[in-house]
Amino acid sequence: MNKYLQDLIKLSKFDTAISMFEPKIENEKAKLATFVETAASIKASINSIYLEIDDVKSKRTKNNIHLAELKTKLENIAKKNKDISNEKELKALQLEEEIAKEQISFANEEIERLDNITKNKELTLKELQEKLAVEEEDIKEIQVAVDNAIEEISKERNVVYQDRSELLEKFDNKILTFYEKIKRWAKDSAVVPVKKQACYGCYMKINDKTYAEVIKAEEIVNCPHCGRILYKEDEIEEA
Ligand SMILES: [Zn+2]
């Protein structure tokens, strides 16, 4: 096989490999992102439950104040009881006392209701905090795994960069320029194999004459349809 073609195939494979590293790293980071998002949403739920509990507690405080006022009212009614001079005043005072007692029992019921709500919310809060702790533990583990994977990918990438630069040291300048010109639009498919007599860049069938040249591999052959550099993959494996 033509030496330049061999170099081009190698270079193209290095470039393709290099392009794959960034998505691989992103993919690793994405694994962590899902867990971080879940943890953030649990944290948001915890914060809103704290606010809800505060709200319920402040309602309870208002009821307590109201309860104290009602008790004072009852005491005042009891004091007034001594100064009653007629039936009408007695009835009015009794009615007032009845209403106050009803209000007290209502306030007590309300406090009990609010306390139940608080209890339930505190249970939910505890569950969420436990869930968050598990999630944070997972994040720690995954972070380690992701860091290791990224380190591995970086090592592989460095090897490919090293091999690539070694290849470029002895690379023909004209061939390199030629390759880079095609690469500008073809990206990582500047050098493509021919399979079933079709260019694997544009997937168009190539004519018999060109195909024969590709198989011979004595020269660099471009796809007559798209201009990519062609090679016969089988022969590379043999070489
Ligand atoms: Zn083509």
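Keep in mind that this is a model prediction, so the values were computed, not measured. (Residues numbered from 1 in each chain as written. Predicted model: local features only at pLDDT ≥ 70, side-chain atom pairs only at ≥ 80, totals over all residues. Heavy atoms only, no water.)

1. Quick word on the overall build of the protein
The helix and strand inventory of the protein stands at five helices and four strands. Helices (α) and strands (β) of the protein occur, in sequence order from the N terminus, as α-α-α-β-β-α-β-β-α. Here the protein has a C-alpha radius of gyration of 41 Å; the compact-globule value for 239 residues is 18 Å, and the former is much larger. Principal-axis analysis of the C-alpha atoms gives the protein an extent of 130 × 35 × 25 Å. Put simply, the protein has 239 residues, and 31% of those count as buried. Partitioning the intrachain contacts of the protein with sequence separation of at least 6 by distance along the chain shows that 71% fall at a separation of at least 24. When the accessible area of the protein is evaluated, it comes to approximately 15,800 Å², of which 53% is carbon and sulfur surface. Charge separation in the protein, taken as the distance between the mean sites of 41 positive and 49 negative side-chain charges, equals 3 Å. (Helix = DSSP H or I, 4+ residues; strand = E, 2+ residues; numbered from the N terminus. Rg over C-alpha atoms; globule rule 2.2 N^0.38 Å. Buried < 20%, exposed > 50% of the residue type's maximum accessible area, 1.4 Å probe, protein only. Contact = heavy atoms within 4.5 Å. Areas by Shrake-Rupley, 256 points an atom, 1.4 Å probe, with all protein chains shown as cover. Lys, Arg positive; Asp, Glu negative; His and termini not counted. Charge placed at Lys NZ, Arg CZ, Asp CG, Glu CD.)

2. Topic: the packing of aromatic side chains
The full count for this structure, using the stated rule, is one aromatic pair. The cationic tip of Lys195 hangs over the ring face of Tyr200; the distance from NZ or CZ to the ring centre is 4.8 Å. (Phe/Tyr/Trp six-rings, centres within 6.5 Å; stacked < 30°, edge-to-face > 60°. Lys NZ or Arg CZ within 6 Å of the ring centre and 35° of its normal.)

3. As for the coordination of the zinc ion
Of the protein atoms, only Cys199 (SG), Cys202 (SG), Cys223 (SG) and Cys226 (SG) coordinate the zinc ion, at distances of 2.2 to 2.4 Å. Each of the four donor atoms around the zinc ion contributes to a set of angles spanning 105 to 115 degrees, which defines the coordination as tetrahedral. Along the chain, the residues donating to the zinc ion fall in the pattern C-x2-C-x20-C-x2-C. (Donors = N, O, S within 2.8 Å, 3.2 Å for Na, K, Ca; no water. Tetrahedral: all angles 85-135°; square planar, octahedral: opposite > 155°, others 65-115°.)

4. Observations regarding the UniProt feature "domain: CT398-like coiled coil hairpin" (unreviewed entry) in the protein
Mapped onto this numbering, the UniProt entry annotates "domain: CT398-like coiled coil hairpin" (unreviewed entry) at residues 27-183. End C-alpha atoms of residues 27-183 are separated by 25 Å, and the span's content is 95% helix alongside 0% strand. (UniProt positions renumbered as here; feature names shortened; annotations may be inferred.)

5. Re the packing of helix α1 (residues 3-81) against helix α2 (residues 87-169)
Packed helix pairs are specified by the crossing angle of their axes together with the interaxial distance, meaning the distance between the axes. α2 packs onto α1 with a crossing angle of 165 degrees between their chain directions and a minimal axis gap of 6 Å. As the angle between them shows, α1 and α2 are arranged roughly antiparallel. Between α1 and α2 the crossing geometry is left-handed. A class-by-class count of the residues in the contact of α1 with α2 yields 41 nonpolar, eleven polar and 31 charged. (Axes fitted to C-alpha atoms, helices over the stretch in contact; angles between N-to-C directions. Parallel < 35°, antiparallel > 145°, perpendicular 65-115°, else oblique. Left-handed = near helix turned anticlockwise from the far one by under 90°. Nonpolar A, V, L, I, M, F, W, Y, C, P; charged D, E, K, R; others polar.)

6. Quick notes on the domain arrangement of the protein
Domain parsing of the protein yields domain 1 (17-169) and domain 2 (173-238). In this structure, domain 1 and domain 2 have C-alpha centres spaced 63 Å apart. (Domains from an automatic or database assignment.)

7. Details of the UniProt feature "domain: C4-type zinc ribbon" (unreviewed entry) in the protein
Under the UniProt annotation, the feature "domain: C4-type zinc ribbon" (unreviewed entry) is placed at residues 198-230. The span residues 198-230 shows a helical share of 27% and a strand share of 18%, and its end C-alpha atoms are spaced 10 Å apart.

8. Focus: the packing of α1 against helix α3 (residues 173-186)
Direction vectors running N to C along α1 and α3 enclose 45 degrees, while the axes themselves pass 11 Å from each other. The orientation of α1 with respect to α3, classified from their angle, is oblique. Here the hand of the crossing between α1 and α3 comes out right-handed. Residue-level inspection shows Tyr4, Leu8, Leu11, Ser12 and Asp15 of α1 in contact with α3, the latter providing Ile175, Leu176, Tyr179 and Lys183.

9. Looking at the pairing of strand β4 (residues 229-232)
Going residue by residue along β4, you find Ile229 and Tyr231 tucked away on one face and Leu230 and Lys232 tucked away on the opposite face as well. Taken together, the four bridges between strand β1 (residues 191-195) and β4 define a ladder with parallel strand orientation. Among the inter-strand pairings, Pro193 is bridged to a residue of β4, identified as Tyr231. Pairing of strand β3 (residues 221-222) with β4, which is carried by two bridges, proceeds in the antiparallel orientation. Of the residues in β4, the one forming a bridge with Asn222 is Ile229. Linking β3 to β4, which pair antiparallel, is a turn of six residues; within it Gly227 sits at a positive phi near 95 degrees. (Pairing = 2+ DSSP bridges.)

10. Digging into the pairing of β1
Of all the five residues making up β1, four are buried; the element is thus mostly covered by neighbouring parts of the structure. As paired elements, β1 and strand β2 (residues 198-199) share two bridges and run antiparallel to each other. Its bridge partner lying in β2, Val194 is registered against Cys199. Taking the residues between adjacent antiparallel strands as the criterion, β1 and β2 are bridged by two residues, where Lys196 takes a positive phi near 50 degrees.

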